[in-house]
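Descriptive structure summary
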There are 2 protein chains.
Amino acid sequence: MSHQEYCHLCAKEDGEVLYVALKWYVVLVRDGHYPGFCRVVWNEHVKEMTDLSPADRQILMEAVWQVESIVREVMKPYKINLVSLGNMIPHLHWHVIPRYQTDVQFPGAIWARPQRDINVEELDEREALLPLLREALKTRLFGHGRD
Amino acid sequence: MSHQEYCHLCAKEDGEVLYVALKWYVVLVRDGHYPGFCRVVWNEHVKEMTDLSPADRQILMEAVWQVESIVREVMKPYKINLVSLGNMIPHLHWHVIPRYQTDVQFPGAIWARPQRDINVEELDEREALLPLLREALKTRLFGHGRD
């Protein structure tokens, strides 16, 4: 940690940590509207993708593609949203968000104004997939750390 | 174009097209609140990153890193936001958005509720950088299309 202030991403205190590789880790985000929402976090406190070496960028994105594949397979979303903001916490992390045409903000971003009420039945169906998602992420992610 | 409906991203009718490579193109988005906002669009009508081959994913992300580097250098933002949604138009594209601590939505996503009024002077300063940004994107992007 190359900075002064406390960073909860450095501390891996972000959601439910499911897999830790040499250079990144994956958490399942606790989000009542978006079950299956995962984050891929770079282990070191780095601000921007272009602050990483080209090799490290590729290592991080390959982790994101792995998570996207597993989330697609298990959660069967209409669309995947991939987002790296870091405005509040300038520590590289990627949101991998399964989206459905009936979800609260669709087709807006999950930060946009709600379009409809929660569909509790559909949400329950998606929540029921989380044990499978957890298991797949824990057992099938592969993290290499070479430069 | 492997689909039936008209897609304005397939047609390259999206903002101001500044560079066209064999597999992707870059546009400068006309956005009154976010001067310097660029998009990197995959030429073919593909929905998800994991629908691309690993080699093509890398080609697209290398284009995103090139744009990020140039936007950082010219626009000097506090933070870069990278976003691939495609909820409305399921045709792969990456938003590369320069963010400033005084911009309208900061630290929220640009789709979130405004936090403050526009600072016209700062916006004018950023708008004034656009000729430089256009020139840099037109002359310095490098697009390869090999698999």
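Note: the structure precedes this text.
Values in this document were obtained by computation on a predicted structure and should not be read as measured data.

Applying the stated rule across the entire model yields 5 aromatic pairs over all chains. With a centroid separation of 5.5 Å and 85° between ring planes, the pair formed by A:Y78 and A:F106 is classed as edge-to-face. Here A:Y78 is found in the loop between α1 (54–75) and β4 (79–84), whereas its partner A:F106 is found in the loop between β5 (93–99) and α2 (120–127), with 28 residues between them in sequence. A ring pair is formed by A:W94 and B:W94, whose centres lie 5.6 Å apart and whose planes are at 85°; its orientation type is edge-to-face. With one member in each of two chains, A:W94 in strand β5 and B:W94 in strand β5 (residues 93–99) form a pair that bridges those chains. Under the relative-accessibility criterion, B:W94 is labelled buried at 0%. Above the plane of the ring of A:Y100 lies A:R126, whose end atom (NZ or CZ) is 3.7 Å from the centre.

You can overlay chain B on chain A at an RMSD of 0.0 Å; the transform is a turn of 180° with a shift of 0.0 Å along its axis. In the structure described here, the two chain copies are related by an operation that fits a two-fold rotation axis. A share of 100% of the interface residues of chain B reappears at the interface of chain A, consistent with the copies meeting face to face through the same patch.

Right, let's get into the packing of helix α1 (residues 54–75) of chain B against helix α3 (residues 130–140) of chain B. Residues and elements named next belong to chain B. Running from amino to carboxyl end, α1 crosses α3 at an angle of 150°, the nearest separation of the two axes being 10 Å. When the axes of α1 and α3 are compared, the pair comes out roughly antiparallel. The way α1 lies across α3 gives a crossing that is right-handed. Together, Q66, V67, I70, V71, E73, V74 and M75 of α1 and L130, L132, L133, A136, L137 and R140 of α3 make up the contact between the two elements. Each residue belonging to the contact of α1 with α3 can be placed in one class, and the counts come to 10 nonpolar, 1 polar and 2 charged.

What counts, and where the lines are drawn
- Residues numbered from 1 in each chain as written.
- Chains lettered and ligands numbered in written order.
- Predicted model: local features only at pLDDT ≥ 70, side-chain atom pairs only at ≥ 80, totals over all residues.
- Heavy atoms only, no water.
- Phe/Tyr/Trp six-rings, centres within 6.5 Å; stacked < 30°, edge-to-face > 60°.
- Helix = DSSP H or I, 4+ residues; strand = E, 2+ residues; numbered from the N terminus.
- Buried < 20%, exposed > 50% of the residue type's maximum accessible area, 1.4 Å probe, protein only.
- Lys NZ or Arg CZ within 6 Å of the ring centre and 35° of its normal.
- Least-squares fit on C-alpha atoms with pLDDT ≥ 70 in both.
- Contact = heavy atoms within 4.5 Å.
- Axes fitted to C-alpha atoms, helices over the stretch in contact; angles between N-to-C directions.
- Parallel < 35°, antiparallel > 145°, perpendicular 65-115°, else oblique.
- Left-handed = near helix turned anticlockwise from the far one by under 90°.
- Nonpolar A, V, L, I, M, F, W, Y, C, P; charged D, E, K, R; others polar.

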